[in-house]
Structures are given as structure tokens and as C-alpha cells.
Amino acid sequence: MDRELWAFVTHSVDRALLGFPAIGRAQRFSDRLIVLMLIWAVWHDRCLSWACDRRHYGDLFRPRAVPSISWFARRVKTERVREVLQWVNDDLAIRGTSCPHDLLSYVDAKALLVSPVSKDPDARRGKITGAFAKGYKFHATVNQNRRVVVWCVTPLNTDEKTMATKMLNHLPPGQPATAAGIALVAPLTLGDSNYDSAPLHRAFAAHDRYLLTPLRGEQFVGPNGRHSRTLRAMGPRRREVLAVWESNPELVRYVLKSRNHIEGTFSVLSLACGLDRLPGFVRRLPRVTRWVGCKVILYHARLLAQEAKKKAAA
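1. Topic: the packing of aromatic side chains
No. 1: Inspection of the entire model under this criterion finds eleven aromatic pairs.
No. 2: The interplanar angle of 85 degrees and the centroid separation of 5.8 Å between the aromatic rings of W40 and W43 together place this pair among those described as edge-to-face. Of this pair, W40 and W43 both sit in helix α2 (residues 31-43), three residues apart, roughly one helical turn.
No. 3: Looking at W40, the relative accessible area reads 5%, which means it is buried.
No. 4: With a centroid separation of 5.8 Å and 55 degrees between ring planes, the pair formed by F138 and F266 is classed as tilted. You can see F138 sitting in strand β3 (residues 131-143) and its partner F266 sitting in helix α11 (residues 260-271), a full 128 residues away along the chain.
No. 5: Each residue in the set W6, W40, W43, Y57 and F61 is aromatic and connected to the rest through ring pairs, giving one cluster.
No. 6: For the cation-ring pair, R237 lies above Y210, with the distance from its terminal atom to the ring centre recorded as 3.8 Å.

2. Some points on helix α9 (residues 236-247)
No. 1: Counted at 1.5 Å a residue, the expected span for α9 with its twelve residues is 16 Å, and the 16 Å between its end C-alpha atoms agrees.
No. 2: Residues of α9 that are buried include every one of R237, R238, V241, L242 and W245, and no others. Around the axis of α9, the buried residues are gathered within 145 degrees of arc, so they sit on the same side. Away from the buried face of α9 by more than 90 degrees, exposed residues P236, E246 and S247 are located.

3. As for the packing of helix α1 (residues 2-18) against α2
No. 1: Across the interface, α1 lies against α2 with an axial gap of 10 Å and an inter-helix angle of 145 degrees. Considering the relative orientation of α1 and α2, their crossing is right-handed. Contacts from D2, L5, W6, V9, T10, V13, D14 and L17 in α1 reach D31, R32, V35, L36, I39, W40 and W43 in α2.
No. 2: Class assignment of the residues belonging to the contact of α1 with α2 gives a composition of ten nonpolar, one polar and four charged.

4. Some thoughts on the nonpolar core
No. 1: Counting 73 residues, the largest nonpolar core has V9, M37, I39, F138 and V292 as its most contacted members.
No. 2: Looking at which element gives the most residues to this core, the answer is helix α12 (residues 285-313), with twelve residues.
No. 3: Judged by nonpolar contacts, the second largest core, of 14 residues, contains A109, V150, A164 and L171.

Criteria and thresholds
Every chain's residues receive numbers from 1 upward, in the order its sequence appears when written. This being a predicted model, a pLDDT of at least 70 is required before a residue's local features are given, and a value of 80 or more before pairs of side-chain atoms are given or counted; all residues contribute to the totals for chains, interfaces and linings. In computing side-chain properties, one takes all heavy atoms of the structure into account and sets aside hydrogens as well as water. By convention, a stacked pair of Phe, Tyr or Trp rings (six-membered ring in the case of Trp) has centres within 6.5 Å and planes under 30 degrees apart, an edge-to-face pair has planes over 60 apart, and any other such pair is tilted. Starting at the N terminus, helices and strands are each numbered in turn, a helix being any DSSP run of H or I of at least four residues and a strand any DSSP run of E of at least two. Working definition: with a 1.4 Å probe on protein chains only, accessible area under 20% of the residue-type maximum means buried, over 50% means exposed, and in between means partly exposed. Criterion for a charge above a ring: Arg CZ or Lys NZ at most 6 Å from the ring centre, at most 35 degrees from the ring normal. A helix is expected to span 1.5 Å multiplied by its residue count minus one. It is the directions from the helix axis to the C-beta atoms whose arc is reported. Geometry is summarised by axes, namely lines fitted to C-alpha atoms with helices restricted to the contacting stretch, and by angles between N-to-C directions that run from 0 to 180 degrees. If you view the pair so one helix is near and one far, a crossing is left-handed when the near helix is turned anticlockwise from the far one by less than a right angle, and right-handed when it is turned clockwise. The contact criterion used throughout is that any non-hydrogen atoms of two residues lie within 4.5 Å. Three residue categories are used. Nonpolar comprises Ala, Val, Leu, Ile, Met, Phe, Trp, Tyr, Cys and Pro, charged comprises Asp, Glu, Lys and Arg, and polar comprises the others, including Gly. In plain words, nonpolar cores are sets of buried Ala, Val, Leu, Ile, Met, Phe, Trp, Tyr and Cys residues tied together by side-chain atoms within 4.5 Å.

Written as C-alpha cells, this is what we have:
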């Protein structure tokens, strides 16, 4: 499947560069070569200097000439390369999806840890399951087709609710499903209890979306229920979520089980794409973001290759 995966990557890079205007005189090493070398190095979990040695290429990809490490390192940091990678990421995420405006999506975050004694000034100490650690955090919104629609990387101590609010601005506007001109349901996003926040519910409402999560702080609710002032302060959208939990908790738990989609996405990114750790040469926020972006590109290409293989076998 490696050949099919790499074919999707190269075709998407070629499509991306068609939309970018030429800049001045032709460069000795094209943007296509720089981008593909970067993705090739990330695919093999190797550093930039490794990619500048022609002995490390094979039948899938063998450039005639490669730049020096200093030239290559300067080029991968340019805004043009970043924009090409972003275009490729979006292109592969959209291809193969059933609908660009999915009614159901999932939001979560994954810790990317570094050594506790690392000198990386951008890495921060933050809370993980049952402990504290140092590193970064990968925030993602995933749709029903397990495509990573929007993502970002921040220091580990960044609040997940804050980043979920910012990622909302990059999602397509809510487009409720309709029948005979009547709106039936608005797009729904599922999250874990970390995302149960009244301000976040209001932010989703402002984008014509719903947020459904397990409820936080239920152990502090007395036998008489919540105070009327508490209910007024949380806003109408979270009151609706509370009403659904009270009227039909079994249905809500059943719906929340589909959060396995984003857990499965993180699992594939970790086990099949190598995003379970950050290598020692991937430090500082821009470099980590670039590394994670290439991993997400490879993840989407892997999905497309699998889907094409199943379609051919059917």
C-alpha cells in the first residue's frame, strides 16, 4: 500500500502547486521537491539532514539532485512551503468524504510529550491522565469519515476549551439538514467532559452548532437540583443539553459512544503514522507543527489508499 499512499501525496502536491503563482526566476530546487523531501523524511521519522542524502531514497521517490542541509532547512521554513502543506492537507481531508458539511463531528486533544528535562523553551508542563508531563498538545476536530478537518498544536498547558473555540472559526458555517424546506437538526459536535463549559456552548450556538458532552460537576448537585441563578448563568444551549440528559440519558450515552471515531483516529495516527511520540530532533513549536502536519497528510493519504483498495476489491 506504500506505493498507493505515496501516489496520493505526490498527486495532491502537484495539484496544490498548480494554484500557486511562480515567484521570480526559476529556483534550482523546486517547491515540489522541497515539499516531497520533507514529507518523505517525516514518513520515515528522520531529520532534515537525512533527507539530503540520495542514498535514503528508493523506487517510490528518487530525486536527481538534493539540496544541501542549510538550503533545505531554509526552504522548509518559508511561508510558501507552509501554504503548500496546508493546501495538501485540506485537499486530502476533503477527498473521499460524503459531505463537506458533516452533521456529526468530534473534538479532542492528544498529548505529545518530550523529556521532562528537555530544554525546549516552547514545551510546557501540563496535566495528562493521572500525572503531569512536559510537551505539546495536538487539538483536532474530526468528522464522521475520520478526516481531521481542523487541527492545531499548542504547548501542553493550553486549555482545550480555548482551542476548541478558536477552531470553530475555521469550520464551515453550520448548515442544518432540511426536508421540504424545514430545518431538522443543526451540526452536532461530541466531546469529552473537558469540553463541558457554558461559554463553549455559547460559542457553538453562535456558529449554529450543538455541543454534546458528559456533564461535569454532577457530584456537587444537591437533591433539589441546580439553583435558578446557576441555570440562568449557563445560557440556553447548555440548559438544553441538561434537559436532554435528564429526559433520555441512555440515548445520550449511546450517541456519545460514536466518539470512538476520534479515538480511533488518534490511534491510527499514533500506531500507523508514528505520532505516538516526538523524536529528539523535533523541538520548538514551528518544527513540531510542521512535523504533525506532515503526519496528518500521510494519515489522510493512507485512508484514501485503503478506501481505493476496498473499492477495487468490491
